[in-house]
Number of protein chains: 2
Amino acid sequence: MSNYPKPLQKLINELSKLQGVGVKTAQRLAFQILGMNDDDAFAIADAITSAKKELKYCSVCGNLTDEDPCAICTDTARDRSVICVVESPRDVSAIERMREYKGLYHVLHGAISPMDGIGPDQINLKQLIIRLQENDEVGEVIIATNPNIEGEATAMYAAKLIRPSGIRVSRIAHGVPVGGDLDYTDDITLSRAMEGRREI
Amino acid sequence: MSNYPKPLQKLINELSKLQGVGVKTAQRLAFQILGMNDDDAFAIADAITSAKKELKYCSVCGNLTDEDPCAICTDTARDRSVICVVESPRDVSAIERMREYKGLYHVLHGAISPMDGIGPDQINLKQLIIRLQENDEVGEVIIATNPNIEGEATAMYAAKLIRPSGIRVSRIAHGVPVGGDLDYTDDITLSRAMEGRREI
């Protein structure tokens, strides 16, 4: 039913498979790519292919990397006594952007979600326990899974598994975001903020 | 300054060169592409490369096509007495979507814009005049350039060139968009709508 030449229609279809890219946006992007000079357009295609081919998950922490183990795991300047547990490589980037955390990471690649059929064995959790057993430098595990039901369940489950080893397990604080507005803060966050209050 | 592995940073850079894709969106898309299975990710890269390689401009009308002349120019069911002049291949798609116009097209690939150094020779206008001279079937040229300063200037200029040949030259109507609101219509559009009023 389309009046586009086939290769163009194919490009639009492929682009619109991306989340957040609707048909209109895909059309706009496709026409824009066709309007580029060959080198620029091929550079996008190459970047996709190379990123997909060259990036793998670090065998130690599970983070995205082009060399195994990853640059964070092999960085001798980092504090090897703390491991921050996150759900995805994007979370590692978010924490790294802050430039304050100097410990290591462990990427779970998901969170426990019985509704979606994701149990503890479907995420990279067993590997964390093995890593902690094989490595007695670690004194604290900070669980930084997302502050939602799945993330909380994962945090609770991980804490239960780690605690017997005597390693300190902590959870990042929940509360009102800085620059936020009390009035616009949802009830649960507000109640967590009250619970987590500290003396000043 | 980035903490991403190089191939990932390169992918983010390439994606953020697309108009309307900021760094945050590029990051989201990059991580999404990395999360796809290889086939799906490579399909996007392939679609870009093939579209860029296989699509060219029709030597008759200038529309994007994978075969020359294009499917519209070679379609014997179409009315060869009318040529609709548009600025870009996207405009052809927009008019084709309407499923009412059955004539041919001519794509200018731009509009006259002295401010941007685009004169009549920088757009595909000479080719239209040659096409009209070589082809005596054409009875009407509909100028459907965009309703802005550049599009109007182009329409006026093209009309001046075509008129001596005795071919009828028309311009698509300007007015209040259907479903629009008079109150929100700008003054110029409203004045054009009044000017173009028709007896009912």
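Here's what I pulled together on the structure shown here.

### Considering helix α3 (residues 38–54) of chain A
Counting along an α-helix, one turn takes 3.6 residues, and residues three or four places apart therefore face a common direction. Helix length check: α3(A), at 17 residues, gives a terminal C-alpha distance of 23 Å against a target of 24 Å (1.5 Å per residue), a fit within 8%. Along α3(A), the residues that are buried comprise Ala41(A), Phe42(A), Ala43(A), Ile44(A), Ala45(A), Ala47(A), Ile48(A), Ala51(A) and Lys52(A). In this structure, the buried residues of α3(A) make contact with α2 (23–35) of chain A together with α1 (6–16), α2 (23–35) and α3 (38–54) of chain B.

### Quick notes on the packing of aromatic side chains
Following the criterion strictly, the structure yields 4 aromatic pairs over all chains and no others. Its guanidinium or amino end placed over the ring of Phe42(B), Lys53(A) lies 5.7 Å from that ring's centre, counting from NZ or CZ.

### Some words on empty space enclosed by the protein
Using the criterion set out here, one finds 1 cavity of 30 Å³ or more in the structure. For the largest cavity, the calculated volume is near 70 Å³. Taken together, Leu15(A), Leu18(A), Leu29(A), Ile33(A), Ile44(A), Ile48(A), Leu15(B), Leu18(B), Leu29(B), Ile33(B), Ile44(B) and Ile48(B) make up the full set of residues lining the largest cavity. Across the lining of the largest cavity, the residue classes break down as 12 nonpolar, no polar and no charged.

### Some words on the pairing of strand β5 (residues 140–143) of chain B
Within a regular strand, side chains alternate between the sheet's two faces. Residues and elements named next belong to chain B. With burial as the criterion, each face of β5 is covered, one bearing Glu 140 and Ile 142 and the other bearing Val 141 and Ile 143. Across 4 bridges, the pairing between strand β3 (residues 82–86) and β5 is parallel. Bridge assignment links Cys 84 to a residue of β5, and that residue is Ile 142. Note: β5 against strand β6 (residues 168–171), 4 bridges, orientation parallel. Bridge pairing in β6 places Val 141 opposite Val 169.

### Some thoughts on the relation of the copies chain A and chain B
Expressed as a screw transformation, the operator carrying chain A onto chain B has a rotation angle of 179° and an axial translation of 0.0 Å, and the superposed copies differ by an RMSD of 0.1 Å. Accordingly, the operation relating the two chain copies is best matched by a two-fold axis. Residues of chain A ranked by C-alpha distance from the rotation axis are headed by Ala45(A), positioned 2.1 Å from it. Interface residue correspondence from chain A to chain B reaches 100%, placing this contact among same-surface, isologous pairings.

### Some points on the state of the cysteines
Note on terminology: disulfide describes a covalent bond linking the sulfur atoms of two cysteines. Residue and element names in this part refer to chain B. Applying the stated criterion to the full structure yields 0 disulfides over all chains. No disulfide involves Cys 61; its sulfur sits 3.6 Å from that of Cys 73, the nearest cysteine. Cysteine Cys 84 is unpaired, with the sulfur of Cys 61 as its nearest cysteine sulfur at 11 Å. Given a relative accessible area of 4%, Cys 84 falls into the buried group.

### Regarding the sheet that holds strand β6 (residues 168–171) of chain A
Residues and elements named next belong to chain A. Spatial ordering of the open sheet is given by β4-β3-β5-β6, a layout of 4 strands whose pairing is parallel. Of all the strands in the sheet, the pair left with one neighbour each is β4 (104–107) and β6. Ignoring which end each strand starts from, the neighbouring axes of this sheet average 25° apart. Here helix α6 (residues 126–134) sits on the sheet and contacts β3 (82–86), β4 and β5 (140–143); the angle it forms with β4, its principal contact strand, is near 145°. Docked against the sheet, helix α7 (residues 149–162) engages β5 and β6, running at close to 170° with respect to β6.

### Comments concerning the sheet that holds strand β4 (residues 104–107) of chain B
Paired through backbone hydrogen bonds, the strands of a sheet run either parallel or antiparallel to each other. Residues and elements named next belong to chain B. Within the open sheet, the 4 strands sit side by side as β4-β3-β5-β6. Their pairing is parallel. One side of each edge strand has no neighbouring strand; the edge strands of this open sheet are β4 and β6. Adjacent strand axes in the sheet meet at a mean angle of 25° when their direction is disregarded. With 4 bridges joining them, β3 and β4 adopt parallel strand pairing. Within the sheet, the bridge partner assigned to Val 86 lies in β4 and is Val 107. Together, β3 and β4 form the strand contacts of helix α4 (residues 89–98), whose direction differs from that of β4 by roughly 155°.

Here is what the cut-offs are and how they apply
Residues numbered from 1 in each chain as written. Chains lettered and ligands numbered in written order. Predicted model: local features only at pLDDT ≥ 70, side-chain atom pairs only at ≥ 80, totals over all residues. Heavy atoms only, no water. Helix = DSSP H or I, 4+ residues; strand = E, 2+ residues; numbered from the N terminus. Expected span 1.5 Å × (residues − 1). Buried < 20%, exposed > 50% of the residue type's maximum accessible area, 1.4 Å probe, protein only. Contact = heavy atoms within 4.5 Å. Phe/Tyr/Trp six-rings, centres within 6.5 Å; stacked < 30°, edge-to-face > 60°. Lys NZ or Arg CZ within 6 Å of the ring centre and 35° of its normal. 1 Å grid on protein atoms, 1.4 Å probe; cavity = no way out; pocket = protein on both sides within 12 Å on 5 of 7 lines; lining within 4 Å. Points joined across faces, edges and corners; volume = space filled by probe spheres on them. Nonpolar A, V, L, I, M, F, W, Y, C, P; charged D, E, K, R; others polar. Pairing = 2+ DSSP bridges. Least-squares fit on C-alpha atoms with pLDDT ≥ 70 in both. Disulfide = S-S within 2.5 Å. Axes fitted to C-alpha atoms, helices over the stretch in contact; angles between N-to-C directions.

On their own, these measurements won't tell you what the molecule is for.
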